Every structure is written in structure tokens, then in C-alpha cells.
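Each chain, written out:
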Amino acid sequence: MADLSLLQEDLQEEIDGSLDFVSQDEMLTPLGRLDKYAASENIFNRQMVARSLLDTLKEVSDDERDCIAVLERISRLADDSEPTVRAELMEQVPHIAMFCQENRPSIPYAFSKYLLPIVVRYLADQNNQVRKTSQAALLVLLEQELVERYDVETKVCPVLIDLTAPDSNDDVKTEAVAIMCKMASMVGKDITERLVLPRFCEMCCDCRMFHVRKVCAANFGDICSVVGQQATEEMLLPRFFQLCSDNVWGVRKACAECFMAVSCATSQEVRRTKLSTLFINLISDPSRWVRQAAFQSLGPFISTFANPSSSGQYFKEEDGKNPEDCSSAQENSEQIRTAENVTTEDEHNRTEDLSSCVDDDFATKLETAMEDQNTVSSNSQGERDFQTESSFHCTLSSESCGEMADKNEQSSHCCTAGLQEAVLNSQETSLSEQELYNSFHFWRTPLPEIDIDFELQQTSEIILNREIQELTMPVSPNIPMATRKELEEMIENLEPHIDDPDVKAQVEVLSAALRASSLDPQEETMASVGKETDSQPELTINDQQNFKPILGDIVPLIGDSVENMDSTLHYIHNDSDLSTNSSFSPEEERKSKVQDVVPQALLDQYLSMTDPSRAQTVDTEIAKHCAYSLPGVALTLGRQNWHCLKDTYETLASDMQWKVRRTLAFSIHELAVILGDQLTAGDLVPVFNGFLKDLDEVRIGVLKHLHDFLKLLHLDKRREYLYQLQEFLVTDNSRNWRFRAELAEQLILLLDLYSARDIYDYLRPIAFSLCADKVSSVRWISYKLVSEMVKKLYMASPSTFATDLMNELVEKFCRCHKWSGRQTFVFICQTISEDDCLPMDQFAVHLLPHLLHLASDRVPNVRVLLAKTLKQTLLEKEYFLNSANSHQEAVEQTIMALQMDEDSDVKYFASIHPASTKIADDAMSTASSTY
């Protein structure tokens, strides 16, 4: 007992001592406590002081002198010998700086005078943790714009430049270079170019430390993007070439990873002539890791060659036009507008010598505008007229056809030098002024439709025969005309590939030429009459307008194939094609993938990423990187060069790795926008159909953008997918409820794409199935889906579908033998009312009586939800507030009955209006706890 009493006395003394200690601290001022613990020999006490600096500063913020005193003690604490104390202090500096900035009037220049010197000094601290903390603090301060520009130039940059001196510590030098690169985007071009750039160029050539060169290479793109094109090409590119050929593979790998950013900061010429060759070297690097990084950056690098004026990325218009045709017309609008201005100014005062004064570049530009306009086809009659006239003008003379063929051959590199020279000579000598400035090259108001009588129809046949003969004429005397036998061989060789739209167009034109070569004597006589008519030296604009009604019958043979006119002419006029077998050899297949948008070597390397050998020698996931970059590459090449990527896309779509197919599935809707309607229907729809039957990991990519893809299809093609939507309800794993939730979200968007009949027949059963899902999140989205469906069907004409839908809601849910179904009916009625999907008078007629009938439901959960719906939703509607009617009386009577309910929760929600309770939150909690 004596020992126990002694122990109690000792404990009491300790408690009294601690109380004395606490009472002493409470008696001290904030500055007194700060001084007491800052001078303590205990490290943890000094760490506690560092943590509490901001609180202390806030306590004395009303007194400027006390604030300055706290900041002075911070400077003294910064000299602490313990690294953990200094690191703790540096973590608090950004917060203290922000407080000083907010209270700047009472603490002027506090940060610049007291805090910034500590941050800068710690950048060279001997302790690694302190240096890392100060570097992070400096970047935060710069990002928050708490450092004045003057301080950056006079206090920060000089210290960093000193730290990167040749005699500096290796670790400190490497870290300082990294900080300089990261802060470049925050301090701007001027400071970076004057203070940072010279030292950065020196660090790129640091022969002793490859770590420094590696840091420079990794941040090279950031510096280039800040300093701009001129400084990049003059000062940085030579250093970049050196880094790309560095002896250390890690440096070369870092260069490959930032190649896209460097390319974005250069001109198109430098990108094409210098960077592309340099990138090919990285792709062929001896190190596998360098090759791996290069192939990952290949797609992004190719995307830097994109030209917005020719990418074909335009929004779909709602005026009934073909979106692909609209975008094709918009691609060259600027160029055509320029040429049209010239046409307008010189239309009435042209002279013969104008054609000789026009330079070759301008002539080429006009030819390009003419050919691009000839590729435009539209659903409207006026646009078909313009297309027909343009195609007719292009076939009026063999010279103009030769020019078009020459243009196509130059772009595909398939033309011989002799043929190019012959066509150019023909262009210089025989290209007339009227052909250069003909207004049919450019867009104008469509001509009115004129009825074609029988006599004009006969004349149109004459003109057609004349046109087909001129199509088969050689571009120069050295090229013989295609014989009947050769035409038959061409058609026979092309028939196996008739599924290809381009090949089909070629077969149509060749068939027309074949029919023209077998004219009977009477037709030949009529053709000669047409030839005499066409022998006039020049056709005026008025003459061409007179031909307009005649050309109506030419459209099926020539007008439908205008887009492929260049390739067809090349096929007929090319001497080598006529003299050899026209079957597709490997060499011709390689030539079919030639384009002039990006360097061909880069595209060839990109196409090789699907080669199985690449997965073994470079990267097992190289196909995934190829799939990830494919939309960007397709946008860069443009839809006119899709044939270069088509085989690669199909290979990726059938890849064994589901991650590759999943990547394509998530981007197929973007690719459809790039390619347009025709190519999407021909090349992407089959792939899309395959993805619909794939694994859930792939199907989710298609499902997330189902609306985005289907809206790009024509209505008949879009309706085919109505039968397949039901398949999305079946998943590999029934627990994958997010898949069904996404389906409900997409169905809400799909309501705008289908008619009322389709919605009722196909989407309604899916929506009802989702409303009975086991997961509350799926059900909640489904309630929104049904309410939007009711709104859509009610707005349709006639609205009988909406009535039928509401009747089925009553039958399926309101009269359901399970209480969860009856609760679902209340939820749907609540959503319809909240979102105003149905006029209140119609709601009162079709749904309200059945809703009120649930007041006598035997399950309290249904009655609770009914009380909340009536009290918090329906009674707030103007229909029930301002007009006295039988429906209002029925609602009030039901509310009174619920107020006397035996269940306390029902009484509560029916009696009062909880101000802090949201109907959706209450309903969600009820739904999640039901079943």
C-alpha cells in the first residue's frame, strides 16, 4: 500500500508539471512560443516550429511589425543544421508565400525579401531532400505567378546558371538543368531566350556528363515550344542532331520521345527535309529501346505534317447535303475564292496574250482548283448540274484531259519523264485563255432545270459519243489509242476487284469507252456531225450554258465517276499500262500506297508496324501504338489517301491482341468523321460490325461512341443496327453493370436518330428491360431514358405511340405483382414530371390516376416514394397550384390519406416538406436499399 501511495504521488507531480508547462505556453505570445521552440535542442520541436509558421503568421497578421518579426525568424530557422528541419521549412514556403500575397498591403515585399532567397539558396543545398523540396517549391511559386519577373531575372536565373557551370557538382548541375527546362514555359520566351537558351545549348554538348545531355534531350521539346521557330531552327536544331547521334542510347531514346514537340516548332520545309531523315535514323537505331521509343513517336510525328486546309475535318451539315461532299468543297474554298476573284476582275477585258503571261504556278493552282471542284458531288439538283458541266468542260479537249492526267501522275510518281514533258509542252502551247478563266471551274448559282425533249435527247447521245471518243484519245502523238481488245483485257482484269468503289468507277468508264469503239455506221455518222459541231475553236460561257440540258444523260456514265476521273485517265493514257498486263503486281500495289503529304519513308515505316517481326524485334505492343496513332495519321493524309492505310487498318482490326482492337473501337467514330460517309460505309462499317461481336473489353469502346458513329451513317444503314441493339444486354460477365449503364446513356442519344415507329418497336423493349435491372445506377439512367422516350413519342405525329407506351408502363410496372416494379412506376412518373417530358394535363389523364392508386399499396416503400413524389414534385407544378380541377382535388385527398398512414416515414414525407432533402437523393437512397 505504501508503494502504491508513492506511485500516485509521483504521477500527480508529473501531471502538475505538465499542466504548468501548458499554462506557461498559454501565457506566451505567438512570437514568444516561436522563439522558445526555435531555440530548442530537440529536433522535433524545431520541426514543429516549421510546421506552425503559417498559423503563427495568421495570428499576428493584423500587426505589420509582428509579421516582419515572424519572417525574420524564418530566415534564422533556414540556417538550421538539421536537414529535416530545412526540408520541413521549405514545404511550408509556398503556403506562406500565398498568404503574403493575399495580405500584400500589410506585408509589402515580404516574399521577395525574406522567402525567395531561402528557396534559391536551398537549390544548392548539400542534402538531396532539401534540394528536391526547394525545386518543387520554386516550380509551384512560378506556376502560381508569385515570383516577380524582375526577381526571376536577377535572383533565380543567375543562380541556376551558376549551378550549371562546368565546375559545379554533377548532381546539382543535372537538377539545375531540369529546373531551367521546366520553368521555361512559366517565365516566357524573352527570359528563356536571353538567359536560359545559351546555357542550355552548352549543356547539350556536355562531354563529361551524359546525365546532363539526357535531361536536355528529354526537355528539348519544351524549350523549342517556348523560344519559337526561328530560335529552334538556328540554335537548337544543330544541338538536337548531335543528341540524336549521341553515344549513349538513353540520350537518343529521350530524343525520340520528344520528337513530335520539336517538329511542331519547325517549318514544314525543315520538317520534311531534315527531321524526317533524322527520324528514320532513330527508327533504324541499333538499340532496341531507341527503336521502341521511335516507333511510339512515329504516329505523332507524322501528324505534325497535317494541313488543316486539306484534312477534311468538318462538321456535318443538316441541310441534306452529303457531308463528305460538303467538306470536299470546303477544303479548297480559299484557293477557289482566290482564283474566282481573278476571274471576276478580268472577265470582260481578257486578251489573247493573258495565257502566256500567267506563270506556271498560277496555272497549276487553277488546275488544282478545277480538279478538286470536279470531285464534288451533291444530292441537290443544282450541284449535280454544276458537276456535269465541270466534267463536260474537262473532256472538251484532249489537252485538258492530258493536264488532269499529268497532275495525277505527278502526285503518284507513276509518270515517265517523257510523258510529263510532252504534257507540259502541250499545256504551254495549247492552253487557251478561255480554259484558264472559265467560270465553270468555280462555284456559281446553279442553272434552272429545263425539260428535255426527244430531239435534245438524241443530241445528248451524239455529245456522249464524242466525249467517250475524246476520253480514249492519247495525250500526245507518241501514245497510241487504246484498242478494243486492250479495253476488254482491262475490264476483265478489273472484274475480280469490282467491290472496290474506285475499281468499279474505272470499269464503268472503260465499259463506256468499249461501247464507243463499236459504233455502227449510223452512229459514226451522227458522231461525225457532233465532231463538226465541236470543231469550233472555243466555247463561250453562253454556249456552255446552252449545253446544260443536253448533258443530263451524261451523268450516269461520266458524272458518277468524276471523283475517279484522274486515275481513270491515267489508266487509259499511260503507255506502259496499255502495253503490259494490267493485273495488280506487287510493285503496283506498293505504288498504290504512294502519297505526297508526308515523306514516303515515314509512311512505309508506319505501315510496317503491323509486321509480326516488329513485335519480336522492337516491342510486343507496337501494334497497339500503331492503332492508337492511326486516326491522327489518317487525318494528316486526308481521305483522298485512305487507300494507303486501309490494309493496315483491316490488319489491326483483326489483330489477336484484344487491346489493339479495343484501341480501334474507341476511335472508330473519329475515323468515320475524317473519312466521310462513303468510305465509312465501305470500309469502317464491316469493322464496326466485327467489334459488335467481340469481347466486352472491345464492345465497350464501340458502345461508348455508338451515337457518334451511327449519326454519320445514312438512314437505311443506320436502321440495320436496330436489330443488334438488343445484343448489348448480353455481356460476358453479368456483373458488368457499367456496360448496361452505358447502353442506357447511348439509347437516350439515339432517340434523335430514329423515327417514332422504330423507337417504339426496338428501343422500348430494351428500355423496359433496363428499368428492371438489379443495379440501381442502371435503373436510374433507365428512368431518364423512358421519360425522354415518352417526350419524343409525344412530340411525334401522331402521338398514338406515346399513349401506347404509357399504357404499357401502367400494365408492366404499375400493376406488377412485385413491389419493386410498382416502385419503378413511381420513379418513372417522378422523372417525367420533373423533366416536363409531358404536359401536365396529359400526365393527369394517362398516368396520375394509376399513380394515386398506389396510395393503398401494401408495401411501405412504395407509399414513401409516392408521398415524396406528390409532395415535392407534383404539388410544385403550376398545373396543381393555380388551377382548381378534379385532378388537384384527387392529389390533395391522397396526400391527406398518406398523412394518416400507419407507417411513420410515410406520414413524415406526406406531412412536411423537408427543406434539406432533395427528391433525387431520397429516391436514390430508397432505390439502392430496395432490391
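Each residue is numbered by its place in its chain's sequence as written, counting from 1. A pLDDT threshold of at least 70 governs which residues receive local features in this predicted model, and a stricter bar of 80 or more applies before side-chain atom pairs are shown or counted, although totals over entire chains, interfaces and linings include all residues. Only hydrogens and water are removed before side-chain values are computed, so all heavy atoms of the structure are retained for them.

Trainee: Could you give me a rundown of the packing of aromatic side chains, with the residues and numbers involved?
Mentor: Put simply, two rings from Phe, Tyr or Trp (the six-membered ring, in Trp's case) pair if the centres are within 6.5 Å, and we call them stacked under 30 degrees between planes, edge-to-face over 60, tilted for the rest. Counted under the stated rule, the structure contains 18 aromatic pairs. Summarising the aromatic geometry, the rings of Trp 780 and Tyr 783 are spaced 5.7 Å apart at their centres and angled 65° between planes, so their arrangement reads as edge-to-face. Separated by 3 residues within a single helix, Trp 780 and Tyr 783 lie in helix 46 (residues 776-795), roughly one turn from each other. Burial classes: relative accessible area under 20% of the type maximum marks a residue as buried, over 50% as exposed, and values in between as partly exposed (1.4 Å probe, protein chains only). Taking relative accessible area as the criterion, Trp 780 reaches 15% and is therefore assigned buried. Among the aromatic residues, those joined into a ring-pair cluster are Phe 200, Phe 220, Phe 240, Phe 259, Phe 279, Phe 301 and Phe 305. Stacked on the ring of Tyr 760, the Lys or Arg Arg 764 has its end atom at 4.3 Å from the ring centre. Above the ring of Phe 909, the side-chain terminus of Lys 868 is found at 4.9 Å from the ring centroid. Helix numbers and strand numbers start at the N terminus; a helix is a DSSP run of H or I with at least 4 residues, a strand a run of E with at least 2. Two limits define a charge over a ring: the Lys NZ or Arg CZ must be within 6 Å of the ring centre, and within 35 degrees of the ring normal.

Trainee: I'd like a rundown of helix 9 (residues 149-163), residues and numbers included.
Mentor: Take the number of residues in a helix, subtract one, and multiply by 1.5 Å to get its expected span. Here helix 9 is 15 residues long and its end C-alpha atoms lie 20 Å apart, about the 21 Å a rise of 1.5 Å per residue gives. Across the chain, bend at a residue is computed as the angle between axes fitted to the seven residues ending at that point and the seven starting from it. Along its length, helix 9 reaches its greatest deviation from straightness, about 30°, at Cys 157, and the proline Pro 158 lies no more than four positions downstream. Listed in full, the buried residues belonging to helix 9 are Asp 151, Val 152, Val 156, Cys 157, Leu 160 and Leu 163. Buried positions along helix 9 lie against helix 7 (110-122), helix 8 (128-143), helix 10 (170-187) and helix 11 (189-204). In this analysis, two residues are considered to be in contact whenever any of their non-hydrogen atoms come within 4.5 Å of each other.

Trainee: Pulling in residues and values, what's your account of the packing of helix 37 (residues 622-637) against helix 39 (residues 658-675)?
Mentor: Two numbers describe how helix 37 lies on helix 39: the axes approach to 9 Å, and their chain directions differ by 5°. By the angle between their directions, the pair helix 37 and helix 39 is classed as roughly parallel. Counted together, Ala 623, Lys 624, Ala 627, Tyr 628, Leu 630, Pro 631, Ala 634 and Leu 635 of helix 37 and Lys 659, Val 660, Thr 663, Leu 664, Ser 667, Leu 671 and Ile 674 of helix 39 form the full contact between these two elements. For this classification, Asp, Glu, Lys and Arg are treated as charged, while Ala, Val, Leu, Ile, Met, Phe, Trp, Tyr, Cys and Pro are nonpolar and the rest, including Gly, are polar. By residue class, the composition of the contact of helix 37 with helix 39 is 11 nonpolar, 2 polar and 2 charged. Lines fitted to C-alpha atoms define the axes, with helix axes restricted to the stretch in contact, and inter-axis angles between N-to-C directions lie between 0 and 180 degrees. Roughly parallel covers angles under 35 degrees, roughly antiparallel covers those over 145, roughly perpendicular covers 65 to 115, and oblique covers all other angles.

Trainee: Can you lay out the confidence of the model for the chain for me, pointing to particular residues and giving the numbers?
Mentor: Note on scores: pLDDT gives the predictor's confidence for each residue, bounded by 0 and 100. Mean pLDDT over the chain works out to 74, with 64% of the residues at or above the 70 mark. In the predicted structure, residues 519-584 sits below a pLDDT of 50 and forms 134 contacts with residues beyond four places in sequence or in another chain. Contacts from residues 914-931, a stretch scored under 50 in pLDDT, to residues over four places away or in other chains number 42 contacts.

Trainee: How would you explain the environment of Asp 905 if you had to name every residue and give the values?
Mentor: Mapping Asp 905 onto the fold places it in helix 54 (residues 904-911). With relative accessibility at 44%, the residue Asp 905 sits in the partly exposed group. Between the alpha carbons of Asp 905 and Leu 865 there is a distance of 9.8 Å; along the sequence they are 40 residues apart.

Trainee: Can you lay out the pattern of salt bridges for me, pointing to particular residues and giving the numbers?
Mentor: For salt bridges, the criterion is a side-chain nitrogen of Lys or Arg within 4 Å of an Asp or Glu carboxyl oxygen. Counting across every chain of the model gives 34 salt bridges. Ionic pairing is found between Arg 194 and Glu 153, a salt bridge with its closest N-O pair at 3.3 Å. Note that Arg 194 is positioned in helix 11 and Glu 153 in helix 9, a separation of 41 residues in sequence. Asp 170 serves as the salt-bridge partner of Arg 208, at 3.0 Å between the closest nitrogen and oxygen. Here Arg 208, found in the loop between helix 11 and helix 12 (210-218), pairs with Asp 170, found in helix 10; they are 38 residues apart in sequence, far enough to count as distant. A relative accessible area of 52% places Arg 208 in the exposed class. Overall, the relative accessible area of 24% leaves Asp 170 in the partly exposed class.

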